[in-house]
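Here is how the chains run, residue by residue.
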Amino acid sequence: ISSILSVSGRDGWMAVLLAAILLLPWLLLIVVIHKKTKQKPIDQWIKQKFGRIFGNIILYFTALFLIVLAAFTMRETLLWINTTFLPRTPSLVLFVIFFITIILLISTSIETIAIVNVLVLFGVIVLGFFIAIVNIPIKDYSLLRPFLEHGISPVIAGSIYPAAAYAELLLFVFLQHRIHGQLKFRHYAIMLFLLVGLTLGTLLGAITEFGPTEAAKQRYPAFEEWGVATIGRFIEHLDFLSFYQWLTGAFIRIGILLYLVIQIFN
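Caption draft 1: Just the overall build of the protein chain, in detail. The helix and strand tally for the protein chain stands at 13 helices and zero strands. Each helix and strand of the protein chain, ordered N terminal to C terminal, gives the series α-α-α-α-α-α-α-α-α-α-α-α-α. Taken against the 2.2 N^0.38 rule, which gives 18 Å for 266 residues, the C-alpha radius of gyration of the protein chain at 20 Å falls within 12% of a compact globule. Referenced to the eigenvectors of the C-alpha coordinate spread, the extents of the protein chain come out at roughly 65 × 45 × 30 Å. Across the 266 residues in the protein chain, those meeting the buried criterion constitute 40%.

Pasting the structure below:
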């Protein structure tokens, strides 16, 4: 969110929509891969098409890339915890606790991960609607205007960030043999729609509550939105609820990335 705001400013929401439109051909490509491979294990298919040696090289580089993604997510999560909630707690202690929990998750099965994801995602969505509704009194939608104040260039440049995130739907290729039934374009379109909705909600909230300039300076705009939430005159400091949102998101993301690494290495 902060990256989009720093590049696109108040037109960041346009960058998110543009990224979604540009990703539609990408979704078609993923569906074509499913059909061409007949949803067989992608690691076996790669070895059959490129040979065992070259296939292993491709898979090892893919696994390394997934590990790097997981490491960045872990680092960002620990940095956020240290910055906001537990500044005096050593990062190593947090890392060990969090990592053990993730290991327990990925040592089960993809079905377990999917069920856990559904349960925690429900809470994330409920809290998302909650914070959006609670903060309505302090939102100023006039801050979204003027549109395209600096032209279309910032919108195009800012679309790179959400597009990079949405492109990770390609990871379903590595799970295709674990999915019952055939994955179709509409399934990916629904997932993309949900991702766009989650991004737009947080982005529009940051702009309308803090303004594009102030929001762009914040490292964690989503957390700051919880910081200003109040219910009546006596209930405030609801930012602890964002702890659940962030940790569950990182928990599932790191878990699925490392699960894919396990699958690649069989």
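Caption draft 2: Looking closely at the layout of surface pockets. There is about 350 Å³ of room inside the second largest pocket. Within the residue set of the lining of the second largest pocket, elements represented by two or more residues are α4 (42–50) and α5 (52–84). Across the lining of the second largest pocket, the residue classes break down as 15 nonpolar, one polar and one charged.

Caption draft 3: Molecular detail of helix α3 (residues 24–37). With 14 residues, α3 ought to run about 20 Å at 1.5 Å a step, and its terminal C-alpha atoms sit 20 Å apart, in line with that. Residues Leu27, Ile30, Val31, His34 and Thr37 constitute the buried set of α3. One face of α3 carries all of its buried residues, which in axial projection span an arc of 140 degrees. Opposite its buried face, α3 presents the exposed residues Pro25, Lys35 and Lys36, each directed more than 90 degrees away. The elements touched by buried residues of α3 are α4 and α10 (185–210). After α3 finishes, the residue Lys38 shows a positive phi value of roughly 55 degrees.

Caption draft 4: How the structure looks around the environment of Leu247. You can see Leu247 is positioned in helix α13 (residues 241–264). Of the residues examined, Leu247 reaches a relative accessible area of 19% and is grouped as buried. Residues Leu247 and Met74, 173 residues apart in the sequence, show an inter-C-alpha distance of 9.9 Å.

Caption draft 5: Quick look at the side chain of Thr248. Here Thr248 is to be found in helix α13. A polar contact is formed between the side chain of Thr248 and the backbone oxygen of Gln245, at a distance of 3.1 Å. With sequence-adjacent residues up to four places away left out, Thr248 is seen in contact with Val120 and Val124.

Caption draft 6: Representation of the packing of α5 against α13 in the model. Contact geometry for α5 and α13: axes closest at 9 Å, N-to-C directions at 160 degrees. By the angle class used here, α5 and α13 are roughly antiparallel. When you trace α5 past α13, the crossing you get is left-handed. Of the residues belonging to the contact of α5 with α13, the class tally is 19 nonpolar, four polar and two charged.

Caption draft 7: Seen up close, the packing of aromatic side chains. For the structure on display, the rule yields 13 aromatic pairs. Between Phe50 and Phe54, the aromatic rings sit 6.0 Å apart at their centres with planes inclined by 55 degrees, giving tilted as the arrangement.

Caption draft 8: Quick peek at the confidence of the model for the protein chain. Of the residues in the protein chain, 100% reach a pLDDT of 70 or more, and the chain-wide mean stands at 89. Within the protein chain, helix α12 (residues 221–227) has the poorest average pLDDT of any element, 83, and helix α2 (residues 12–22) the best, 93.

Parameters at a glance
- Residues numbered from 1 in each chain as written.
- Predicted model: local features only at pLDDT ≥ 70, side-chain atom pairs only at ≥ 80, totals over all residues.
- Heavy atoms only, no water.
- Helix = DSSP H or I, 4+ residues; strand = E, 2+ residues; numbered from the N terminus.
- Rg over C-alpha atoms; globule rule 2.2 N^0.38 Å.
- Buried < 20%, exposed > 50% of the residue type's maximum accessible area, 1.4 Å probe, protein only.
- 1 Å grid on protein atoms, 1.4 Å probe; cavity = no way out; pocket = protein on both sides within 12 Å on 5 of 7 lines; lining within 4 Å.
- Points joined across faces, edges and corners; volume = space filled by probe spheres on them.
- Nonpolar A, V, L, I, M, F, W, Y, C, P; charged D, E, K, R; others polar.
- Expected span 1.5 Å × (residues − 1).
- Arc of directions from axis to C-beta.
- Contact = heavy atoms within 4.5 Å.
- Polar contact = N/O pair within 3.5 Å; in protein donor to acceptor, adjacent residues only side chain to side chain.
- Axes fitted to C-alpha atoms, helices over the stretch in contact; angles between N-to-C directions.
- Parallel < 35°, antiparallel > 145°, perpendicular 65-115°, else oblique.
- Left-handed = near helix turned anticlockwise from the far one by under 90°.
- Phe/Tyr/Trp six-rings, centres within 6.5 Å; stacked < 30°, edge-to-face > 60°.
- pLDDT = per-residue confidence, 0-100.

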